[in-house]
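Inside the fold
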Amino acid sequence: AQSVAQPEDQVNVAEGNPLTVKCTYSVSGNPYLFWYVQYPNRGLQFLLKYITGDNLVKGSYGFEAEFNKSQTSFHLKKPSALVSDSALYFCAVRDKGTGANNLFFGTGTRLTVIP
Amino acid sequence: GAVVSQHPSWVICKSGTSVKIECRSLDFQATTMFWYRQFPKQSLMLMATSNEGSKATYEQGVEKDKFLINHASLTLSTLTVTSAHPEDSSFYICSARGASLAGGQGDTQYFGPGTRLTVL
């Protein structure tokens, strides 16, 4: 069975500091991994994904994530946080092995960047 | 590219009435569309998956007769909440995935902006 864990409900970081939002996953086969961001009363915006290839994936707005197979993690990072990065972040996984189309989402992490 | 729209963005209705929500892929053909429901401060719950021209596949616990999904074309899917009740009040979000998308984006789901339904 597939699952995604985002261990932190809330992450606070000062503007200009690096940020990390954690995600671990569990799948039976190889994963497709995604990060999405949600602003208040809005749908999800795609940030980045890992399908295959380089473990370090770069995405929109300066975000990047590193796929770590041994730790089954896909943490989201940014070198210098902006106040405008404050939002709700979701990690999601799709199991390549099952052929299923749907994504399994984590419970979300609310990021607050303090000016 | 890969834009998904939803209409309406919000709707208020009386208990017992039906509400239809549209999801459109504006610049790509969506071979698969997904409907999610999100409760306040919670994650997305997948309700159903639909492929163009075929019946939707509903997740366990989702009433197919209450949440009618139609995916009649490659750019449009509709969710109809029939005989809505206050407990159906929620944020409904659709997403679309298009196998024809270039640049390896066929694996990515693109989300609509959501529809907030309030049933009085």
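Scroll up to find the structure.
Calculation notes
- Residues numbered from 1 in each chain as written.
- Chains lettered and ligands numbered in written order.
- Predicted model: local features only at pLDDT ≥ 70, side-chain atom pairs only at ≥ 80, totals over all residues.
- Heavy atoms only, no water.
- Helix = DSSP H or I, 4+ residues; strand = E, 2+ residues; numbered from the N terminus.
- Rg over C-alpha atoms; globule rule 2.2 N^0.38 Å.
- Buried < 20%, exposed > 50% of the residue type's maximum accessible area, 1.4 Å probe, protein only.
- Contact = heavy atoms within 4.5 Å.
- Areas by Shrake-Rupley, 256 points an atom, 1.4 Å probe, with all protein chains shown as cover.
- Lys, Arg positive; Asp, Glu negative; His and termini not counted.
- Charge placed at Lys NZ, Arg CZ, Asp CG, Glu CD.
- Buried area = accessible area lost by both parts, 1.4 Å probe.
- Polar contact = N/O pair within 3.5 Å; in protein donor to acceptor, adjacent residues only side chain to side chain.
- Nonpolar A, V, L, I, M, F, W, Y, C, P; charged D, E, K, R; others polar.

Details of the overall build of chain A
For chain A, the helix and strand inventory stands at zero helices and 12 strands. Reading the secondary structure of chain A in the N-to-C direction produces β-β-β-β-β-β-β-β-β-β-β-β. Taking 115 residues into account, the globule formula puts the C-alpha radius of gyration at 13 Å, and chain A, at 14 Å, falls close to it. In chain A, which comprises 115 residues, the proportion classed as buried is 47%. Relative to all contacts within chain A whose residues are 6 or more apart in sequence, the contacts with residues 24 or more apart total 58%. Just so you have it, chain A exposes about 5300 Å², and 48% of that area is on carbon and sulfur atoms. Distance between charge centroids for chain A: 6 Å, based on 10 positive and 8 negative side chains.

Let's talk about the interface of chain A and chain B
Counting from both sides, the interface comprises 19 residues of chain A and, opposite them, 24 residues of chain B. Between chain A and chain B, roughly 1600 Å² of surface is buried when both sides are summed, and carbon and sulfur atoms account for 51% of that area. The interface formed by chain A and chain B includes five residue pairs in polar contact (both at pLDDT 80 or more). Of all the elements in the fold, those that place two or more residues in the side of chain A that touches chain B are β5 (31-38), β6 (44-50) and β10 (87-95) of chain A. Element by element, the count of residues in the side of chain A that touches chain B is highest for β5 of chain A, at four residues. Here the residues of the side of chain A that touches chain B sort into nine nonpolar, seven polar and three charged.

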